[in-house]
Amino acid sequence: APDAPFETGIYSRKKDIYNESRLTLMSDLRDALQHDQTELYYQPKCCLTTGRVVGVEALIRWHHPERGWVSPMEFIPLAEKTGVIRHLTRWVVNRALRDLNILQLLDPDLTISVNISARDLTSVELRGLFETKLKRHEIDARHITVELTETAAMDDPNTGLKALETLASMGLSVSIDDFGAGYSSLSYLKQIPATEIKLDRSLIHDIDTNEQSRVIVETAINMGHGLGYKVVAEGIESEQSANLLRDLGADMIQGYWLCRPKSLEELETWLAAHIKKTSDRHSAVR
Ligand code: C2E
Ligand code: MG
Ligand code: MG
Ligand code: MG
């Protein structure tokens, strides 16, 4: 599957005219989830000081029989609007935990991150979902992180925060995704029981050349640390950016430079090689 850009085809170009086609897309997605025709790709997250992969992020992929690859940027928002996200999240959590069992054969400390929509917090019984799946796959909650995006878009902030606190009290980690983009709000930062923030790619992409971006990123890193969070920089596409982020104090990176999102099988191969390399050669990120 491509990681980006996707062929979005007819559907996105004519989305205003083809409302019915959006509904069809959503019923196709439900079918696909039911019949395991969706897939999870995994992208590693690497510690900038040790070079070790500490975790992988699960990213959903869907190859539609007629439309080809459909980007999550296209179907996730629709799934949120139509309620299909509940089914998607259940499928993702189950698959991710199953796959973590396989990946932990390579590294028993490995963690997995799943993306959860702010709207899931109020519409999915996440506690029950995680309890069931953790038990089924015999996984310890501390190996799971939920990445939450658009926290300011929570339907009902009180219920949303309560749901997050429940997850945190079960031992799961919470990460604030896409920090610095769109709807992320500073006022939520101090209320969310998070342990990690992920700086959005839009903040990072030009730090090699733009002094102002560098100041913003450095300030965001310091703020994150001041609040007690680990700071991940996402969308790192060059060695130069990785080095700069290390100098600015970021804890971890994720991005094409380290590794593109891969299928489970491809990731197993990549991870085995990476583990070998970093144990031979300390503090090499790549
Ligand atoms: P995200 O959680 O912020 O994930 C990072 C996105 O950036 C992924 O796009 C990834 O493939 C891409 N990416 C990673 N490294 C680089 C890089 O170096 N350069 C560039 N240009 N891009 C990079 P993807 O997989 O298309 O996912 C897009 C968004 O869709 C995700 O953003 C997340 O918000 C959402 N999403 C994906 N899978 C799921 C899921 O299972 N559940 C939910 N609720 N949302 C999901
Ligand atoms: Mg994410
Ligand atoms: Mg993100
Ligand atoms: Mg995102």
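This one's a predicted model, so the numbers in the text were calculated from it and none came from an experiment.

Colleague: Summarise the overall build of the chain; cite the residues concerned and give the values.
Modeller: From N to C terminus, the chain includes 12 helices and 9 strands. By residue count, 51% of the 286 residues in the chain fall in the buried class. Of all intrachain contacts in the chain linking residues separated by at least 6 positions in sequence, the fraction that spans at least 24 positions is 69%. For the chain, the accessible area works out to roughly 13700 Å², and carbon and sulfur atoms hold 49% of it.

Colleague: I'd like a description of the coordination of the magnesium ion (ligand 3), backed by residues and values.
Modeller: Those donors, Asp177 (OD), Asp178 (OD), Glu234 (OE) and Glu234 (OE), are the protein atoms that reach the magnesium ion (ligand 3), and they lie 2.0 to 2.6 Å from it. Expressed as a motif, the donor residue spacing for the magnesium ion (ligand 3) is D-D-x55-E. Metal-to-metal, the separation of the magnesium ion (ligand 3) and the magnesium ion (ligand 2) is 4.1 Å; aspartate 177 coordinates the two. Linking aspartate 177 in strand β6 (residues 173-179) with glutamate 234 in the loop between β8 (230-233) and α11 (239-248), this pair joins segments that are 57 residues apart in sequence. Residues aspartate 177 and glutamate 234 agree in their burial class; the two are buried.

Colleague: Give me the lowdown on the packing of aromatic side chains, citing residues and values where you can.
Modeller: Summed over all chains, the structure comprises 1 aromatic pair. Plain terms: the ring middles of tryptophan 62 and phenylalanine 75 are 5.5 Å apart, the flat faces sit at 85° to each other, and that makes the pair edge-to-face. Of this pair, tryptophan 62 sits in strand β2 (residues 53-64) while phenylalanine 75 sits in helix α3 (residues 72-82), and the two are 13 residues apart along the sequence. With respect to class, tryptophan 62 is no different from phenylalanine 75; both count as buried. Over the aromatic face of tyrosine 256 sits the side chain of arginine 260, whose NZ or CZ is 3.9 Å from the ring centroid.

Reading the values: rules and limits
Residues numbered from 1 in each chain as written. Chains lettered and ligands numbered in written order. Predicted model: local features only at pLDDT ≥ 70, side-chain atom pairs only at ≥ 80, totals over all residues. Heavy atoms only, no water. Helix = DSSP H or I, 4+ residues; strand = E, 2+ residues; numbered from the N terminus. Buried < 20%, exposed > 50% of the residue type's maximum accessible area, 1.4 Å probe, protein only. Contact = heavy atoms within 4.5 Å. Areas by Shrake-Rupley, 256 points an atom, 1.4 Å probe, with all protein chains shown as cover. Donors = N, O, S within 2.8 Å, 3.2 Å for Na, K, Ca; no water. Phe/Tyr/Trp six-rings, centres within 6.5 Å; stacked < 30°, edge-to-face > 60°. Lys NZ or Arg CZ within 6 Å of the ring centre and 35° of its normal.

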